[in-house]
Amino acid sequence: MSNKYALKPDELRKEFEQKKPRLLKGEFAGKDWWDLPVEFRDGNWCFPAKSEVLEDLHFPNPRKWSATDKDWQLPAGWEKIIRDGMRDRLKRFRSFKVFMDSCVRCGACADKCHFFLGTGDPKNMPVMRAELVRSIYRQDVNAFARVLTKFSGSRKLTPEVIKEWHMYFHQCTECRRCSVFCPMGIDTAEITMMVRELLNLIGVNNNWILAPAANCNRTGNHLGIEPHTFEQNIMSLVDDIEDVTGVKVNPTFNRKGAEILFITPSGDVFADPGVYTMMGYLLLFHHIGLDYTISTYASEGGNFGMFTSNEMMKKINAKMYHEAKRLGVKWILGGECGHMWRVVHQYMNTMNGPADFLKEPVSPITGTKFTNAKATRMVHIAEFTADLIKHGKLKLDPKRNDHLRTTFHDSCNVARGMGMFEEPRYVLNNVCNVFHEMPENTIREQTFCCGSGSGLNAEEFMDIRMRGGFPRANAVAYVKEKHKVDSLVTICAIDRASLPALMRYWNPGVTVYGLHELVGNALIMQGEKKRTEDLRENPMAGFEEDDDDE
Amino acid sequence: MRKVLQPLLLVLVLALIPWVGVTWGKLDYLFGIIIPYTAVVILVLGMLWRLFDWSRRPVPFRIPTTCGQEQSLDWIKTNPIESPSNPFMAALRVLSEVLFFRSLFRNTKAELHGGQKLAYGSHKWLWLGGLAFHWSLLIIVIRHARFFMETLPMPIQMIDTFDSFLDVTVPAFYITDAIALAAITFLVVRRLSDEKMRLLSLSTDYFPLFLIGAIAAVGISMRYVTKVNIMPVKGLTMTLASFGFSVPEPVGALFYVHLFLVCVLLVYVPFSKLMHMGGIFMSPTRNLPNDSRAKRHVNPWNPDIKFRTYAEYEDEFREKMKKAGLPVEKQ
């Protein structure tokens, strides 16, 4: 794979080979971190938001600029905006204040960040990333720090600092891996969220985040798909399903009185390989005769507001409950996604609840009460499917996935912002026969990010993405070598969008799947034709046309 | 190196102040009575202020870092500590952090091997060193109670006996003295020997280590080397314990160096990273239960946001929706 925004894999391999066993890249003897320059070059920054996107969102300082410009055209009084904004957030978020105050710089987090492991840039050590802000914060809270700048590690707020923030808070995917290891529980994701809010106040931003946020606001989904197109696309998936299985599924749209509203990331409707996961959902719902509907208005599970500001997150998320109320459904079922589930699990009910117009979720097939979701009233599809399988409600033939040798990638947000590890594994083990875990330091709560989360999946950011994804790819390479694994199964739409590129770069021959795509492959549907191909129309092993034994 | 030498020098200068003050200035009253009281007042008020200052700030969202399986379907085994489902388990989680450094126990060391392979080795030295440092300091502080009480309560007596069970010197050698010095040395060497640590460490990371190291070193030399006369020391500490203001008997400059450095440490606590001893209890990623889908968490400043309603959406797309056969509210 080559791309003007990334080194060739062999060049990057050479870089790693030369510096091993070191992780840091470059010489730092006798240097202080605050003297290291910030250099924007091809592949390490995302294009800024277009003026019309900012105007659409009523965000400040629309202009034409780029990160490589010398002058970023910050608005008049930007220092005051940042300082006041910081003070205001320190007041509203105890997390921010405590995380600014209680770091002891023990360095446990230093080599836990995928961006540090891949770039060797010292400012990508989570503790350093936070120091970029603490050094400014100290000036405001501590009189000694203002005088003894070098002694206390504090410094003045300059345009260089803003450039540095822009670079390094967009080299953090809010994956929270560092916070697992921090003895103080400091969560860099929280600090990154604060700084991105601050940067947005002065028009320092990322088009790959703000354009989807603006789209989502207007059309209901990140891709800006209008209702008729959204419906048509799903109907074309319905045709594809019929081609492969001979079964005609019939999803409904914006239907009042349905029992369940199903919401998934729009990537599942439009992007390869997400669409195959969507086909899996549709087959599953048909298989169990679920009374559900899909909304074209709340047609996005993901929430790029989360990478922008609290207010934007709330605004985009509000549509879910608003639509559920309008349609009069009993509860909401959510598809496979990472940060969507961080928002649903940890923010939605606080922001837009209480959801008293919904009922406590009960599986209409098994009668199971999802008591863990009794207030938010939204259930994760992996919980839902695991329950169905446990109660023997699905007819499954795991042999239909015998052409795949799988491993499972825990998505950061579902792992560390929700704590769901067992359900997807249970489902996976019931729908396929070959499953191997990656090494234990790279899965579950210690899982590595795909390197492109939190709105950094932009083409022009390829160098950092391939470096940031290196630890994940390295763990996949391990099981590829040891167990001949060729299929990386995920439950996240960003993973499905970003991991294929990462695999092409580091591990050619490994394909990325959604969990429910494999469920769809394995489901024995009533009235189906003889199955020979999986949902991608690839031949399944042991199901060849001429194999009459089957 | 400036980052390391400056704090070292600072500690030496601080140590000289009482030495000079007592030896030549006869300022025993200042260093024995006035400064200790002032330091304790600053410590107590400062810490109370910091704790109050944190706790008055709201926790708008429930954001535990989940390091284990959440409570979900009843046949799925949960991890009640790493994904606590109620406040009691969350409290246990915090306590396990405070008492045993649970998260630090997970620590690994990443290395790049040949063939571009990342390897993660178990790396418990930081955990062990940190735990040894903090626990031995705690025991040493508790042991000092014998200077401030006429009769020692049983538990403290036991700690003292246990700590000195080796009984190899006169007076009996305390194991924690050795552990504390060894741990401080390890923590300093660790910061100096790793290039990542050299880059991320600040002078304010070295300063408390040097300061505590100096306090320990002076204390140890008083006990085992110069063998300070204990009676006037106890006289002074008992005066302090009873909030008295009587003039101390001559004790010797070395003791005042010890005492003054302790006072500096006490004053330094509320204004520095040493407040992590309070911060660890306040960390929202650790002290909250992972129950936000089962129980609504309230944000006191939840803002009013105008979002795009379905009606606005349908107004824009109504004709297209009708054409596609999608149901609409208004014709």
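Within any chain, residue numbers begin from 1 and follow the written order of that chain's sequence. Labels follow written order: the first chain is A, the first ligand is 1, and so on. For this predicted model, a pLDDT threshold of at least 70 governs which residues receive local features, and a threshold of 80 or more governs which side-chain atom pairs are given and counted, while totals over whole chains, interfaces and linings are taken from all residues.

> Which residues make up the sheet that holds strand 7 (residues 511-514) of chain A, and what are the values?
Residue and element names in this part refer to chain A. Strand pairing follows a simple DSSP-based rule, namely that at least 2 bridges must link the two strands. Helix and strand definitions here come from DSSP, where helices need a minimum of 4 consecutive H or I residues and strands a minimum of 2 consecutive E residues; each element is numbered from the N-terminal end. Taken in spatial order, the three strands make up an open sheet running 5-6-7, and their pairing is parallel. Because the sheet does not close on itself, it has two edges, and the strands there are strand 5 (406-409) and strand 7. Taken over all neighbouring pairs, the strand axes of this sheet differ in orientation by 35° on average, direction set aside. As paired elements, strand 5 and strand 6 (residues 487-490) share four bridges and run parallel to each other. Axes, fitted as lines to C-alpha atoms, cover a helix only where it is in contact. Angles between the N-to-C directions of the axes lie from 0 to 180 degrees.

> Tell me about the interface of chain A and chain B, and please be specific about residues and values.
Every contact between the two is made by 97 residues of chain A and, on the other side, 85 residues of chain B. Here the side of chain A that touches chain B gets eight residues from one element, more than from any other, and that element is helix 16 (residues 310-327) of chain A. We call two residues in contact when their backbone-placed C-beta atoms lie within 7 Å.

> Describe in detail helix 8 (residues 175-193) of chain B, supporting the description with residues and values.
Every α-helical turn comprises 3.6 residues, leaving residues that sit three or four positions apart pointing alike. Residue and element names in this part refer to chain B. To estimate the expected span of a helix, subtract one from its residue number and multiply by 1.5 Å. Between its first and last C-alpha atoms helix 8 spans 26 Å; for 19 residues at 1.5 Å apiece the expected length is 27 Å, and the two agree. Three exposure classes are used, all based on how many other C-beta atoms lie within 10 Å of a residue's own C-beta (placed from the backbone): buried at 20 or more, exposed at 12 or fewer, and partly exposed between those limits. Every buried residue of helix 8 is listed here: Thr176, Asp177, Ala180, Ala183, Ile184, Leu187 and Arg191. The buried residues of helix 8 all sit within an arc of 140° when viewed along its axis, so they share a single face. What points out from helix 8, more than 90 degrees from its buried face, is the exposed set Val189 and Ser193. Comment: arc refers to directions from the helix axis out to C-beta atoms.

> Account for the packing of helix 10 (residues 203-225) of chain B against helix 12 (residues 253-268) of chain B, naming residues and giving values.
Residue and element names in this part refer to chain B. Two numbers describe how helix 10 lies on helix 12: the axes approach to 9 Å, and their chain directions differ by 150°. In this view, helix 10 runs roughly antiparallel relative to helix 12, as classed from their interaxial angle. Judged by the sense of rotation from one axis to the other, the crossing of helix 10 with helix 12 is left-handed. Facing Pro208, Leu211, Ile212, Ala214, Ile215, Val218, Gly219 and Met222 of helix 10, the residues of helix 12 in contact are Leu254, Phe255, Val257, His258, Leu261, Val262, Val264, Leu265 and Tyr268. Under the grouping applied here, Gly and all other residues not named as nonpolar or charged are polar, the nonpolar ones being Ala, Val, Leu, Ile, Met, Phe, Trp, Tyr, Cys and Pro and the charged ones Asp, Glu, Lys and Arg. Residues that form the contact of helix 10 with helix 12 fall into these classes: 15 nonpolar, two polar and no charged. Between 65 and 115 degrees an angle is taken as roughly perpendicular, under 35 as roughly parallel, over 145 as roughly antiparallel, and anywhere else as oblique. A crossing counts as left-handed when the near helix is turned anticlockwise from the far one by less than a right angle, and as right-handed when that turn is clockwise.

> So what about the nonpolar core? Which residues, and what values?
Take the buried Ala, Val, Leu, Ile, Met, Phe, Trp, Tyr and Cys residues, join any whose C-beta atoms are within 7 Å, and the set you get is a nonpolar core. Judged by nonpolar contacts, the single largest core of 197 residues is most densely connected at Leu210, Ala213, Met279, Ile332, Leu428, Leu502 and Leu518 of chain A. Top element by residues in this core is helix 15 (residues 274-288) of chain A. It accounts for nine residues. All the domain ranges listed were derived from an automatic or database domain assignment. Structurally, this core is a two-domain feature, drawing no fewer than three residues from each of domain 1 (32-205) and domain 2 (213-522) of chain A. If we skip the residues at most four places from it in the chain, leucine 518 of chain A touches Asn401, Leu428, Val431, Cys432, Val489 and Tyr513 of chain A. Counting residues in each nonpolar core, the second largest holds 39 residues, with Leu187, Val257, Leu259 and Val264 of chain B among its members.

> Go over the domain arrangement of chain A with me, naming the residues and quoting the values.
All names here are of chain A. Domain annotation of chain A identifies domain 1 (32-205) and domain 2 (213-522). Computed over C-alpha atoms, the centres of domain 1 and domain 2 are 30 Å apart. Each partner contributes to the interface: domain 1 provides 23 residues, whereas domain 2 provides 27 residues. Counting residues per element, the ones that place at least two in the side of domain 1 that touches domain 2 are helix 2 (51-57), helix 5 (114-119), helix 10 (177-181) and helix 11 (188-201). Of all the elements, helix 5 adds the most residues to the side of domain 1 that touches domain 2, at five residues. Split into classes, the residues belonging to the side of domain 1 that touches domain 2 amount to eight nonpolar, nine polar and six charged.

> Go over the sheet that holds strand 1 (residues 260-263) of chain A, please, and point to the residues and values.
Residues and elements named next belong to chain A. The strand order across the open sheet built from four strands is 2-1-3-4, with neighbouring strands paired in parallel fashion. Edge positions in the sheet fall to strand 2 (292-294) and strand 4 (378-380), since each has one partner strand and no second. For this sheet the average axis-to-axis angle between neighbouring strands, irrespective of direction, equals 30°. With three bridges connecting them, strand 3 (residues 331-334) and strand 4 associate as parallel partners. Residue isoleucine 332 lies in a different strand from strand 4, and its bridge partner there is methionine 378. Across the sheet, helix 16 is in contact with strand 1, strand 2 and strand 3; its angle to strand 1 comes to roughly 150°.

> So what about the environment of histidine 113 of chain B? Which residues, and what values?
Residue placement: histidine 113 of chain B occurs in strand 1 (residues 108-113). Residues in contact with histidine 113 of chain B, not counting those within four places in the same chain, are Lys20 and Pro21 of chain A together with Ala119 of chain B.

> Can you lay out helix 10 of chain B for me, pointing to particular residues and giving the numbers?
Residue and element names in this part refer to chain B. Here helix 10 is 23 residues long and its end C-alpha atoms lie 31 Å apart, about the 33 Å a rise of 1.5 Å per residue gives. Of all 23 residues that make up helix 10, 17 are buried, and the element is covered over most of its length. Lysine 227 sits one or two residues past helix 10 and shows a positive phi near 45°.

> Account for the pairing of strand 6 of chain A, with residues named and values stated.
Residue and element names in this part refer to chain A. Across the two faces of strand 6 the burial is the same, with Ser487 and Val489 and Leu488 and Thr490 all buried. In this structure, strand 6 lies alongside strand 7, joined through four bridges in parallel fashion. Note on strand 7: the bridge partner recorded for threonine 490 is glycine 514. Handedness of the β-α-β unit built from strand 6, helix 23 (residues 493-506) and strand 7 comes out right-handed. For crossovers, right-handed means that the path from the first strand over the helix to the second runs clockwise, given strands pointing away from the viewer.

> Break down unusual backbone geometry for me, with residues and values.
Glycine aside, negative phi is the norm for most residues, and most peptide bonds take the trans geometry. For the peptide bond that leads from lysine 20 of chain A to proline 21 of chain A, omega is 0°, which places it in the cis range. With respect to the secondary-structure elements, proline 21 of chain A resides in the loop between helix 1 (9-19) and helix 2. Residue aspartate 272 of chain A is joined to proline 273 of chain A through a cis peptide bond whose omega torsion reads 5°. Structurally, proline 273 of chain A is set in the loop between helix 14 (267-270) and helix 15. A positive phi is found at arginine 105 of chain A, a non-glycine position, where the angle reads about 50°. Tracing the backbone through its elements, the reader meets arginine 105 of chain A in the loop between helix 4 (94-101) and helix 5. Its 22 C-beta neighbours within 10 Å are what place arginine 105 of chain A among the buried residues. Here lysine 26 of chain B, not a glycine, exhibits a phi torsion of approximately 55°, which is positive.

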